[in-house]
Amino acid sequence: MRFLCLTLIALAQICFSQEIESSTPSLKKIDSLKAVLRQAKNSKNDRLAYYLAEDYRFINADSATHYALLAEKWAGKNPKKRSKIYQLLASIKRISADYTSSENYFKRAIQQAKIAKDVPQEIAVLNDYGIMLENRSQYTEALDLYLKALRLSEKQNDLIGAANAQLNIGFVYLSQDEIDEAYNWFKKSLANSIKAKYKKGEAWNYSNIAIVLDRKGQYEESRKYYWKGAAFIDKEKNKREYSRIYFNVANTYKSERRHKEATFYFLKSLELKRLFNDPFDLASTLAKLSVSCRQTGDYTKAVAYAEESLVMARKAESADLEISSLMALSEAYEAVGDYKKALSYEKQVPDLMDDLYNEEKLEKRTEMIEKYESEKKAQENKLLKQKADLATAMLHKKNLTIVTFSLVIALVLVVLLSVYLQSRKKEKLNALLVQQKAEIETKNSLLEEAVFEKNNLMNIVAHDLRAPLDKVKGLSDLLRDADTDPETQKQCLDLITIVTDQGRRLIDDLLCLSKAESTDFVVEKTEVSARPFLENLAKTYQMSAQEKGITLLCEAIETTFYTDTDKLQRILDNLISNALKFSPKEKRVWIRFSERDDAWIFSVRDEGPGISDTDQTKLFRKFQKLTARPTNGEASTGLGLAIVKQLAERLNGSIEVSSTLGEGTTFSLILKK
């Protein structure tokens, strides 16, 4: 039997979950719950009775009360459950306009929530209780409850509770036509709703902002916000919320004097609100609908709607709505020409107005808000002081800990210092050994380099100098031959001249490099005219260039500078001769001179084979033979670029190279000003 009851309860809950968001009760759901309750009555299931009471509240107040009291009985002494049940009973009594009973149940709900220490429930009850009082135009009392709910929400960091309380406070100000103050509270509520991902709160606040825009005369913008809020609501499951959206949209059209559209939406709102039979909602909609009907000339309906509105307003015990209904009735009877009735209804308005908007009540509301702000500030100051006290206590504790640790660390440091001094002594000895080893390795490297240079020098003396001498000897022997004709003798003498020039150049390179590396190297600067200097230098290479069909181009700015002319010419001779030597026939070579703020720049560019990355790392070393070879069998000692680098540095300059394989190479001499 217990298993059957539990199964039936689960089935009922599935049925309930499909419609839990619905504002309108489902008779099918109620029948299902009643069937389960009959099967489970021996188990005294307070939850099922609660669900039935909740769904009956908009259909039959007596049935709703019956099931709610049954839930109270079965809930026993559980304060959390009893608080929710009393809140539901308060809602049932409010809908049936039994406000005395409603207030009593709200108070009992708050009491039980406090016993249960269920703060979120207490916040929810305070908000609902405030709404009931606000609907009855008891704005001061409602505001007091909303502020209590807000304080609790802020203390608990309950964003949803705070959003609801702020929204309700905004409505109090809106009811008093304090638009800007209402707008500020709605914005606070919207911010908390977004932060808490509270979609229903977002929807409500979009509608509230729309109301403010409506009051400010921004009707089209207002409607956009209403429909924006409606996007969060399922119309079929939340007909009560949708009835309010229709009502608010109708109000914007009414304000624009578009009474046909206003009447259309008031009627749609009324159609949904009749499902719930809430006298407050019905009174407000009927009063507005009466005005719209009168404006469109349908006076009979205007009177009927206004009379029904007055009945509902008095049932709701709302002074605000009673005033609206009386004014609607007065205007409707005036429109049909019954001035006597019109005057009788109008005369009832002032007394209600005096009671509703007296100075004492307005001052009390202002005083409550100021008190809330003051308490909030005091709470913030108290919290700051608590944090400061806690920080001070933590600091004292931290200081004591630091002193203790300091003593321990001091002892440890003494031991570590002793160990460190010993290790430091060893490190110094190791460092000295490492340094001595590095010095030995450096000296070995220099010695190896010196041996390498000596070996290369011997090779040059043995090969590159011996070869010209061998050639001269061979040509001399040929000249001594009596049978040698004069033409051959002339060719032999020319070859002897060429060979001796090559040998002399090699000796000159060796002497120049040795001199550049010596400590007594002297730089003798003179004034140089850039363009004439380069043009004359280029002319000396024109014949060599023409022999290979190479076009030699010279570009120089017109200026003067100071440098050692001989050393500069030796550098450029090497660069130009290399460019011609390594360039294929019918190519071009550029000699350029330019200036920048801090330097003079000489560059020699060719269209030769280019220099690989590997060869570029060896370019300026002595006696280096690279991959690229002269294109016409010209001689190369491997000393030219080493001489260029040494001389450039002596002239307070540097040499740079830029090369692309297959496209050519550019050497740049940069002399600092």
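Note that the coordinates shown come from a computational prediction; the quantities given were computed from them, not determined experimentally. (Residues numbered from 1 in each chain as written. Predicted model: local features only at pLDDT ≥ 70, side-chain atom pairs only at ≥ 80, totals over all residues. Heavy atoms only, no water.)

**Here's the deal with the nonpolar core**
Soluble globular proteins tend to pack their nonpolar side chains together in the buried interior.
Turning to step 1, where the next piece is worked out: Ranked by size, the top nonpolar core spans 96 residues in total, and within it Tyr-129, Ile-169 and Leu-174 carry the most contacts.
Turning to step 2, where the next piece is worked out: By size, the runner-up hydrophobic cluster in this structure holds 39 residues, among which are Phe-561, Leu-575, Trp-600 and Phe-667. (Core = buried A, V, L, I, M, F, W, Y, C linked by side-chain atoms within 4.5 Å. Buried < 20%, exposed > 50% of the residue type's maximum accessible area, 1.4 Å probe, protein only.)

**Describing a nonpolar patch on the surface**
Turning to step 1, where the next piece is worked out: Among the surface-exposed residues, Phe-405, Val-408, Ile-409, Val-412, Leu-413 and Leu-416 lie close enough to one another that they form a single nonpolar patch of about 550 Å² accessible area.
Turning to step 2, where the next piece is worked out: Relative to the helices and strands, Val-412 resides in helix H20 (residues 359-464).
Turning to step 3, where the next piece is worked out: For Val-412, a relative accessible area of 41% gives the class partly exposed. (Patch = residues over 30% accessible without salt bridge, like charges linked within 9 Å, V, L, I, M, F, W, Y side chains within 5 Å. Areas by Shrake-Rupley, 256 points an atom, 1.4 Å probe, with all protein chains shown as cover. Salt bridge = Lys/Arg side-chain N within 4 Å of Asp/Glu carboxyl O. Helix = DSSP H or I, 4+ residues; strand = E, 2+ residues; numbered from the N terminus.)

**So, the pattern of salt bridges**
Turning to step 1, where the next piece is worked out: This structure, assessed with the given rule, holds 32 salt bridges.
Turning to step 2, where the next piece is worked out: Here Glu-103 makes a salt bridge to Arg-136, at a shortest N to O gap of 3.4 Å. Here Arg-136 lies in the loop between helix H7 (119-135) and helix H8 (139-156) and Glu-103 lies in helix H6 (residues 99-116), a separation of 33 residues in the sequence.
Turning to step 3, where the next piece is worked out: One salt bridge in this structure joins Glu-322 and Arg-314, with 3.1 Å as the shortest N-O distance.
Turning to step 4, where the next piece is worked out: For Arg-314, a relative accessible area of 40% translates into the label partly exposed.
Turning to step 5, where the next piece is worked out: Here the residues in one salt-bridge network are Arg-94, Arg-240, Glu-241, Arg-244, Asp-278 and Asp-281, joined through shared partners.

**A closer look at the sheet that holds strand E7 (residues 664-672)**
Sheet strands pair via backbone hydrogen bonds, and the direction of the pair is either parallel or antiparallel.
Turning to step 1, where the next piece is worked out: The strand order across the open sheet built from five strands is E2-E4-E5-E7-E6, with neighbouring strands paired in mixed fashion. The open sheet is flanked by strand E2 (551-556) and strand E6 (653-660), the only strands paired with a single partner. Across the sheet, the mean angle from the axis of one strand to that of its neighbour is 15°, orientation sign disregarded.
Turning to step 2, where the next piece is worked out: Where E6 and E7 come together, eight bridges link them in antiparallel fashion. When the sheet's bridge partners are listed, Ile-655 is paired in E7 with Leu-669.
Turning to step 3, where the next piece is worked out: Seen against the sheet, helix H23 (residues 530-539) touches E2, strand E4 (588-596) and strand E5 (599-606) and runs at an angle of roughly 170° to E2.
Turning to step 4, where the next piece is worked out: Those strands touched by helix H27 (residues 640-650) are E6 and E7, and its axis lies near 140° from that of E6. (Pairing = 2+ DSSP bridges. Axes fitted to C-alpha atoms, helices over the stretch in contact; angles between N-to-C directions. Contact = heavy atoms within 4.5 Å.)

**Some words on the side chain of Asp-606**
Turning to step 1, where the next piece is worked out: Looking at the element boundaries, Asp-606 is found in strand E5.
Turning to step 2, where the next piece is worked out: Of the side chains with opposite charge, Arg-605 comes closest to the buried, unpaired Asp-606, at an N-O distance of 7.3 Å.
Turning to step 3, where the next piece is worked out: Separated by 2.9 Å, the side chain of Asp-606 and the backbone nitrogen of Gly-608 make a polar contact.
Turning to step 4, where the next piece is worked out: Not counting chain neighbours up to four residues away, the residues in contact with Asp-606 comprise Ala-579, Ser-583, Arg-588, Val-589, Glu-663, Gly-664 and Thr-665. (Lys, Arg positive; Asp, Glu negative; His and termini not counted. Polar contact = N/O pair within 3.5 Å; in protein donor to acceptor, adjacent residues only side chain to side chain.)

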